[in-house]
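Chain by chain, the residues:
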Amino acid sequence: MTPLTVLATSALELLADDAPLDLNARLKAETGRAGPRRVSRFVRLALLGARRCVGATPLPSSTAVYLTSNTGPVADTAELLVQAATGQPLPPVRFVNVSSNMVSYYLAAELGLQGSNQVVMSRDLAWFSLLETAWFNLPPGGTALVGAVEECAWPLAAHRQRLGLPATAALADSSHWLLLRRGAGGTPGDGTVITQLARLSNDAAARQWLASAPRNAALTLSPMAASGIGQDCPVHTDNLEASDAANGLADAAAGLAWLSRLSGRAYLLDRSASGRWGVIRSQPEAP
């Protein structure tokens, strides 16, 4: 199969404090311009990560946008629910913007993109599902901006309760992005290539896969995979460290951390809370 070439990455995790960070100021400081008027904080967080990933690179207008999130624009959603429950009128713009697919619309509009635009919501391997979406949908030479965004809602104590987390759990805004192209890079050595994606149905299948894995390849487990397989792992693996934040998309953070330290042919194994596994094979593009 034609590989996916990783052209650029951006991993952003902003640990939450007592008050929300001014994302418009951050957008202007890091990217030279603020965000659009009257958009949600969630949209600004997505724009910040996407702009950091793309930089000054001009994107083909056919570039796709694929996005995932666990909770979506949770801050505005929670506020609208309170307003509705207390009989207050709902602000029309905010009401429209709580739709999760609005964030990918704003990204496409700002970057001048007219390609496929999809929001993939999944409690099982959401980041892996995004990579699969790009793998099966991108034509040869096609590009995609792939992102995972998670925001906090204040007060944080209420948000921890909403997520079922301990009162002392650390929370963070996060915006993780990849710029992908279907096919090898036009310039030798200009990116990492993802050469295979595979799913495994349960922990037993993962142990069997690990026991028969190529011995000349580096094997890495995400934090969830390492905790799931425990002492039963049949071979030596490297384990990625867990994020400081208890919310967010751990598989996106793990995937970008793994790509940043890649050398030679390697496999990353990730696991969902329900016990399903995803395997990513990747390697630096040959010079």
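Structure first, text after, so check above.
Presented here is an overview of the structure given in this document.

Parameters at a glance
- Going along each chain's sequence as written, the residues are numbered from 1 onward.
- Local features in this predicted model are restricted to residues of pLDDT 70 or higher, and side-chain atom pairs are both shown and tallied only at a pLDDT of 80 or more, whereas totals for entire chains, interfaces and linings draw on every residue.
- As a rule here, side-chain values come from all non-hydrogen atoms in the structure, and water together with hydrogens is ignored.
- Strand pairing is assigned whenever DSSP detects at least two bridges linking the two strands.
- Where helices and strands are cited, they refer to DSSP runs of H or I of at least four residues and of E of at least two residues respectively, numbered from the N terminus.
- Only buried Ala, Val, Leu, Ile, Met, Phe, Trp, Tyr and Cys residues count toward a nonpolar core, and they belong to the same one when joined by side-chain atoms within 4.5 Å.
- We call a residue buried when its accessible area falls under 20% of the maximum for its residue type, exposed when it is over 50%, and partly exposed in between, using a 1.4 Å probe and counting protein chains only.
- Throughout, a contact is declared for two residues whenever any of their heavy atoms are within 4.5 Å.
- Fitting a line to C-alpha atoms yields each axis, with helices limited to the stretch in contact; the angle taken between N-to-C directions then spans 0 to 180 degrees.
- Relative orientations are named as follows: roughly parallel for angles under 35 degrees, roughly antiparallel for angles over 145 degrees, roughly perpendicular for angles from 65 to 115 degrees, and oblique for any other angle.
- Left-handed describes a crossing whose near helix is turned anticlockwise from the far helix through less than a right angle; right-handed describes the clockwise counterpart.
- Residues are grouped as follows: Ala, Val, Leu, Ile, Met, Phe, Trp, Tyr, Cys and Pro are nonpolar; Asp, Glu, Lys and Arg are charged; all remaining types, including Gly, are polar.
- By definition here, a salt bridge exists when the distance from a side-chain nitrogen of Lys or Arg to a carboxyl oxygen of Asp or Glu is within 4 Å.
- Each Phe, Tyr or Trp ring (for Trp, its six-membered ring) is paired with any other whose centre lies within 6.5 Å, and the angle between the two planes then decides the class: stacked below 30 degrees, edge-to-face above 60, tilted in between.
- The rule is short: NZ of Lys or CZ of Arg within 6 Å of the ring centre and within 35 degrees of the ring normal puts a charge over the ring.
- Patch membership requires more than 30% relative accessible area and the absence of a salt bridge. Residues of like charge join within 9 Å; the nonpolar side chains Val, Leu, Ile, Met, Phe, Trp and Tyr join within 5 Å.
- Residue exposure ignores everything except the shown protein chains as possible cover, and the areas themselves are Shrake-Rupley values with a 1.4 Å probe.

**Comments concerning the sheet that holds strand β7 (residues 218–221)**
No. 1: Strand order in the open sheet formed by 10 strands is β3-β2-β4-β5-β1-β6-β10-β9-β7-β8, with mixed pairing between adjacent strands. In this open sheet, the two strands that pair with only one neighbour each are β3 (117–119) and β8 (238–239).
No. 2: Relative to β3, strand β2 (residues 64–68) runs parallel, the two sharing 3 bridges. Bridged to valine 65 within β3 is asparagine 117.

**Focus on the nonpolar core**
No. 1: Core analysis: the biggest nonpolar cluster contains 32 residues, and Trp127 and Leu178 have the highest contact counts within it.
No. 2: Contributions of two or more residues to this core are made by β1 (4–15), β2, α6 (126–137), β4 (143–150), β5 (172–182), β6 (192–200), α10 (250–260) and β9 (266–271).
No. 3: The leading source of residues in this core is α6, at 7 residues.
No. 4: Apart from the residues within four sequence positions on either side, tryptophan 127 is in contact with Val146, Gly147, Ala148, His176, Leu178, Asp251, Ala252, Gly255 and Leu256.
No. 5: Counting residues in hydrophobic clusters, the runner-up holds 28 residues, among them Ala8, Met102, Leu113 and Trp177.

**Side note on the packing of helix α1 (residues 23–31) against helix α2 (residues 41–54)**
Relative orientation and spacing of two packed helices are given, respectively, by the angle between their axes and the distance between those axes.
No. 1: Where α1 contacts α2, the axes come no closer than 10 Å and their chain directions differ by 15°. It follows from the interaxial angle that α1 and α2 lie roughly parallel. Note on packing geometry: the crossing formed by α1 with α2 is left-handed. Together, Leu23, Asn24, Arg26, Leu27, Glu30 and Thr31 of α1 and Arg41, Arg44, Leu45, Leu47, Leu48, Arg51 and Arg52 of α2 make up the contact between the two elements.
No. 2: For the contact of α1 with α2, a count of residues per class yields 5 nonpolar, 2 polar and 6 charged.

**A look at the pattern of salt bridges**
No. 1: Inspection of the entire model under this criterion finds 9 salt bridges.
No. 2: Linking glutamate 30 and arginine 52 is a salt bridge whose minimum nitrogen-to-oxygen distance equals 2.9 Å. Highlighted residues: glutamate 30 in helix α1 and arginine 52 in helix α2, separated in sequence by 22 residues.
No. 3: With relative accessibility at 34%, the residue glutamate 30 sits in the partly exposed group.
No. 4: By relative accessible area, arginine 52 is classed as partly exposed at 33%.
No. 5: The salt bridge involving arginine 33 is made with glutamate 110; its shortest N-O contact spans 3.4 Å. Taken together, the residues arginine 33 in the loop between α1 and α2 and glutamate 110 in helix α5 (residues 101–111) connect sequence positions 77 residues apart.
No. 6: Among the residues examined, arginine 33 registers a relative accessible area of 40% and is labelled partly exposed.
No. 7: Each of Arg26, Glu30 and Arg52 takes part in a single network of salt bridges with overlapping partners.

**Focus on the packing of aromatic side chains**
No. 1: As enumerated under the stated definition, the model contains 2 aromatic pairs in all.
No. 2: Relative to tyrosine 267, the ring of tryptophan 209 has its centre 5.1 Å away and its plane inclined at 65°; by these criteria the two rings are edge-to-face. Linking tryptophan 209 in helix α8 (residues 203–211) with tyrosine 267 in strand β9, this pair joins segments that are 58 residues apart in sequence.
No. 3: Against the face of tryptophan 135 rests arginine 182, its NZ or CZ located 4.7 Å from the ring centre.

**A closer look at the environment of alanine 75**
No. 1: Among the structural elements, alanine 75 can be located in helix α3 (residues 74–85).
No. 2: What makes alanine 75 partly exposed here is its relative accessible area of 25%.
No. 3: C-alpha separation for the pair alanine 75 and serine 40, spaced 35 residues apart in sequence, amounts to 8.8 Å.
No. 4: Every residue in contact with alanine 75, bar those within four places of it in the chain, is listed here: Glu151, Cys152 and Ala153.

**Thoughts on a nonpolar patch on the surface**
No. 1: On the surface, Leu90, Phe95 and Val96 cluster together into a nonpolar patch covering about 260 Å² of accessible area.
No. 2: With respect to the helices, strands and loops of the structure, valine 96 is situated in helix α4 (residues 92–97).
No. 3: A relative accessible area of 45% means that valine 96 is categorised as partly exposed.

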